[in-house]
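# Geometric and topological summary
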Amino acid sequence: MDVNSLLNRKIKCNCGKEHHVTIANITIKKDALNDIPRILESLNIGKRIHLVADKNTYEIAGAGIERLVRVRYDVTKTVFQEDNLTTDLNSIEHVMHEMPSGTSCIVAVGSGTINDISRYVSFKSGIPYVIAATAPSMDGYASAVSPMIVDGIKLTREASPAIAIIADTGILAASPYNMILAGFGDIIGKINSLADWKLGALLTGEYYCPFIVSLVRESLEICISSIDGLKQRDPKAIEALTNALIISGIAMLFAGKSRPASGAEHHLSHFWEMYFLQKGGRQPLHGEKVGIATVIMTDLYNRLAADGIKTSRFDNDNPDEIKAGIKAAYGKQADRIIEENFGGKKVTIDHAKITGCKDEIIKIASEVPDCRVVRGYLEKLGAYFLPEQLGIDDELKRQGIKYCMYLRNLVTILRLYRITGKDFFQT
Ligand SMILES: [Zn+2]
Ligand SMILES: [Zn+2]
């Protein structure tokens, strides 16, 4: 699927929605950066550009972009010097302060953090932004939200997507190998998120779009078949991974929610992330945690397919017990999590519905690949596939599996396990 065929038009879909994104240009190819002046010209963005980069991304791509665009534009810049840059209010204010009034476009040069900071600054200031990607490390390039750290807690803030995404596969192929692995981990997570979304549609009638699913699945499969190339940093394989990461973002924009790209594997990753944020120091990359969590979730699906659902074992929700568990697991975030689960918009799964849909549930579960195959993809690439490889001990692993589902009030494999009284930790 050529990603550009999804842009600059309204797609009337069988799901009943008209899918549309505001991203005007996506360029993924070798030497794409040379096209930047032409792309900016086509976007009609005015003459004043503010570049945002960190010291590394400035060196590998930012300085080159600056040279190219100076010919036709006035260029100012913010280059972060920190080693552990985070998306927080300080970083955002830093850019807002350095960006001159009259700036007509922000050009962000980087991956996760630089993209998140710039997206939020763009949203706050109303100035459009273009992202020049430097690593295929996560699927937020086409995202419309900005994760942000406030008081050591990660929150998601509204923002708007870039007007153009430029990915030079030569630069991306030379990025640190763990960033390539993280990108692959984020993509492999779609195996689970797509199954979770289908469960949600089946059990609660939530919105679901087979066209969006097919987009994500196709790009996921191309990535899996590119594993050998990724190991060699082959530009074609890097292109396939980058394409999948961007399609994943577009899928979320099309759906108007994160469902196509984020399920229980992301909830577990976020749960562990809270621990790492509190602990401080070097943070594991998002996709590293997602990859490991995907092995765990696919194992649960495999066991569901093998064991079936014994309806006599339905767990009776005991709200007080669950709330006490949430308080212990989430500390100062507990009130927000309790509100998410017990507030007015609580999603309930009707037990009779589960009994009536048993066969369809098992069909969804049996379509999920064997967890050993998923683990094998990660292993083959040299990526982490076990929690302990990231320093997650058994206690944190179990607490995450038991309580991460409460982060979002949505049907996932974990919710189904709990509600049907299944044992997460059966050996
Ligand atoms: Zn649709
Ligand atoms: Zn992700």
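Keep in mind that this is a model prediction, so the values were computed, not measured. (Residues numbered from 1 in each chain as written. Chains lettered and ligands numbered in written order. Predicted model: local features only at pLDDT ≥ 70, side-chain atom pairs only at ≥ 80, totals over all residues. Heavy atoms only, no water.)

## A word on the overall build of the protein
On a plain count of helices and strands, the protein comes out with 19 helices and ten strands. Dimensions along the principal axes, computed over C-alpha positions, put the protein at roughly 70 × 40 × 40 Å. Split into buried and exposed, the 427 residues of the protein put 56% on the buried side. A separation threshold of at least 6 residues defines the contact pool for the protein, and within that pool the share at least 24 residues apart is 77%. Total accessible area on the protein stands at roughly 17900 Å², and carbon and sulfur atoms take up 49% of it. Across the protein, the centroid of the 51 positively charged side chains sits 2 Å from that of the 50 negatively charged ones. (Helix = DSSP H or I, 4+ residues; strand = E, 2+ residues; numbered from the N terminus. Buried < 20%, exposed > 50% of the residue type's maximum accessible area, 1.4 Å probe, protein only. Contact = heavy atoms within 4.5 Å. Areas by Shrake-Rupley, 256 points an atom, 1.4 Å probe, with all protein chains shown as cover. Lys, Arg positive; Asp, Glu negative; His and termini not counted. Charge placed at Lys NZ, Arg CZ, Asp CG, Glu CD.)

## Considerations on the coordination of the zinc ion (ligand 2)
Looking at the zinc ion (ligand 2), the protein donor atoms are D186 (OD), H266 (NE2) and H286 (NE2), and they sit 2.1 Å from it. Each donor residue of the zinc ion (ligand 2) lies on one chain, and together they are spaced D-x79-H-x19-H. Placement of the pair is H266 in helix 11 (residues 264-279) and H286 in helix 12 (residues 286-307), with a sequence separation of 20 residues. Judged by its relative accessible area of 5%, H266 falls in the buried class. Since its relative accessible area comes to 22%, H286 is described here as partly exposed. (Donors = N, O, S within 2.8 Å, 3.2 Å for Na, K, Ca; no water.)

## Focus on the nonpolar core
Core analysis: the largest hydrophobic core is formed by 118 residues, its most contacted members being L203, I250, F271, W272, Y330 and I361. A per-element tally of this core places helix 10 (residues 235-255) first, with eleven residues. Ignoring anything within four residues of it in the chain, the contact list for Y330 reads F271, M274, I337, Y403, C404, Y406 and L407. The next biggest cluster of nonpolar side chains, apart from the first, holds 26 residues, and it includes A32, L40, V107 and A164. (Core = buried A, V, L, I, M, F, W, Y, C linked by side-chain atoms within 4.5 Å.)

## A word on the coordination of the zinc ion (ligand 1)
Protein-derived ligands of the zinc ion (ligand 1) are C13 (SG), C15 (SG), H19 (NE2) and C209 (SG), with the metal-ligand distances lying across 2.1 to 2.3 Å. Geometry at the zinc ion (ligand 1) is tetrahedral, judged from the four donor atoms that bind it and their angles of 105 to 116° at the metal. (Tetrahedral: all angles 85-135°; square planar, octahedral: opposite > 155°, others 65-115°.)

## Quick notes on the pairing of strand 6 (residues 105-110)
Among the six residues in strand 6, six count as buried, and that is most of the element. What you see with strand 6 is no split at all: C105, V107 and V109 on one side and I106, A108 and G110 on the other are buried throughout. Taken together, the five bridges between strand 6 and strand 7 (residues 129-133) define a ladder with parallel strand orientation. The residue of strand 7 that forms the bridge with V109 is A132. (Pairing = 2+ DSSP bridges.)

## Observations concerning the sheet that holds strand 6
Taken together, the six strands give an open sheet; going across it, the order is 3-10-7-6-4-5, and neighbouring strands pair in parallel fashion. Here the strands that pair on one side only, and so sit at the sheet edges, are strand 3 (25-29) and strand 5 (74-80). Averaged over all neighbouring strand pairs, the angle between strand axes comes to 15°, with direction disregarded. Helix 3 (residues 89-98) rests against strand 4 (48-54) and strand 5 of the sheet, and its axis sits at about 155° to strand 5. Against the sheet, helix 10 contacts strand 3 and strand 10 (164-168), and its axis sits at roughly 160° relative to strand 3. (Axes fitted to C-alpha atoms, helices over the stretch in contact; angles between N-to-C directions.)

## Description of the environment of Q232
Structurally, Q232 is set in the loop between helix 9 (227-231) and helix 10. For the pair formed by Q232 and A144, sequence separation is 88 residues and the distance between their alpha carbons is 32 Å.

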